[in-house]
Amino acid sequence: MPPKLPVLNLSLSTRNPALFAEQLRSACHEIGFFLIKHDHAQTCEVALENAREFFNREEKDKMSIGYENSPAFRGYMPIGVENTSGDIDFRQQIEYAAEYHDHRTRDDKRSLVYHRLRASNPWPDEIIPSFKPAIMAYVETIFEVAGVLRNAMCTALNVEPKTLGRHFGPVYQSKNSEPSFWSMKLVSYPPWDDESPRQGVGSHTDSNFLTLICQDPTETGLQVQSHNGEWIDVPATRTDTLVCNVGELAEIWSAGYFTATPHRVARKKSQQDRISLPIFYNPKLDAIINPIDKNNFPQWDRLTENQWRRDDNHLMASVGENSFKSLARSHPAVFERHHGDLVLLKDGRVIMRREERPTQSR
Ligand SMILES: O=C(O)CCC(=O)C(=O)O
Ligand SMILES: [Fe+2]
């Protein structure tokens, strides 16, 4: 029997914080995936309904927030645009991220490459007025849940929560604070009419800190790789439950103790589409997340450290660089169109083309 995903309950974090932290420690260490029950089902349902309404619209309406004009990789992408390791993903989606008032372009000489991600989101206000409020209410709610999990992850590893918390900001940018660089996808995997499964999204690890997903209550498809290589099906979950997984940045921070586990979506035969709303929780764009001291560690229960490390995927401690890597790899068309001065290396690192590099004085 393949292992089952652990199920946690958010209310335990106030009733018995020590037990909650212990459950989270074991989930993040042993498998890197878990389900968590919460009290925000209604906010999740409203967000799912709005996403469904958007995806049911005509292509022309959806393309009114098309991603191609966004150097920051934001907006609607029809099926066929995204790929994982070169294979097309069978899904349509909208990508959003934290919004910045002070946008940066590639011509802005002050900025680092990843500052090109400082942008705003194209919202379909004219087509579905309820959309932005519904989605932002969802982001705000999930952000709260993620904050509780982040603090409990610290408790689990004997780390003072403030030392990690200082790298995170609020959902929105304000005069006095940089936001956390959260991002999200609203995804629709279309119906599939064949017995052999189709790639919804190929096997990958998430580059961010922690991912929280509200998914369609009836449709499945998400699969997690166990440590012996087997694929485990994530069950369909009600809207009072989120699917959570550890990202690369949490693996770096925890010196490999928490594991960013590969996962994928394999669409099986189904008449329905499957909607999912992953939120990629992250520190501020300029944060560097260094590994904590291994000497404080609890017992090591997993067989190997760096179980899923791959030569073709360089893990970066810089939130901005790690985020840019993941977007540039998944969306080669936007990368080529808007970032012709850059080269994407095989392992995901992005460098300036030789002719674009500033001349060095000796
Ligand atoms: O749609 C899902 O359930 C998961 C999608 C995912 O893993 C991703 O977009 O990174
Ligand atoms: Fe993912």
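About the criteria used
- Residues numbered from 1 in each chain as written.
- Chains lettered and ligands numbered in written order.
- Predicted model: local features only at pLDDT ≥ 70, side-chain atom pairs only at ≥ 80, totals over all residues.
- Near = placed C-beta within 6 Å.
- Helix = DSSP H or I, 4+ residues; strand = E, 2+ residues; numbered from the N terminus.
- Nonpolar A, V, L, I, M, F, W, Y, C, P; charged D, E, K, R; others polar.
- Pairing = 2+ DSSP bridges.
- Axes fitted to C-alpha atoms, helices over the stretch in contact; angles between N-to-C directions.
- UniProt positions renumbered as here; feature names shortened; annotations may be inferred.
- Contact = placed C-beta atoms within 7 Å.

*Asks:* Outline the site of ligand 1, supporting the account with residue identities and numerical values.
*Replies:* Around ligand 1, the surrounding shell consists of Lys185, Val187, Val201, Asp206, Ile213, Gln215, Leu222, His263, Val265, Ser276 and Pro278. Counting residues per element, the ones that place at least two in the shell around ligand 1 are strand 7 (183–189), strand 9 (210–215), strand 13 (263–267) and strand 14 (274–281). Each residue belonging to the shell around ligand 1 can be placed in one class, and the counts come to six nonpolar, three polar and two charged.

*Asks:* Please provide a residue-by-residue account of the sheet that holds strand 13, values included.
*Replies:* Spatially, 8-13-10-11 is the arrangement adopted by the four strands of the open sheet, whose pairing is antiparallel. Only two strands of the sheet have a single partner each, and these edge strands are strand 8 (198–204) and strand 11 (231–233). Here the average twist between neighbouring strands, direction ignored, is 30°. Bridge count between strand 8 and strand 13: four bridges; the pairing is antiparallel. Within strand 13, the position partnered with Arg198 by the bridge is Arg267.

*Asks:* Outline the UniProt feature "domain: Fe2OG dioxygenase" (unreviewed entry) in the protein chain, listing residues and values.
*Replies:* The UniProt record annotates "domain: Fe2OG dioxygenase" (unreviewed entry) at residues 180–283. Annotation note: span residues 180–283, helix share 6%, strand share 44%, distance between end C-alpha atoms 5 Å.

*Asks:* Summarise the sheet that holds strand 12 (residues 241–246); cite the residues concerned and give the values.
*Replies:* Strand order across the open sheet formed by eight strands is 1-2-12-9-14-7-6-3, with mixed pairing between neighbours. The two strands at the open ends of the sheet, each matched to only one other strand, are strand 1 (7–9) and strand 3 (75–77). With strand direction ignored, the average angle separating the axes of adjacent strands in the sheet is 25°. Pairing between strand 3 and strand 6 (residues 92–97): three bridges, direction antiparallel. If you follow Gly75 over to strand 6, its bridge partner there is Glu95. Helix 3 (residues 41–55) contacts strand 6, strand 7, strand 9 and strand 14 of the sheet and is inclined by roughly 120° relative to strand 14.

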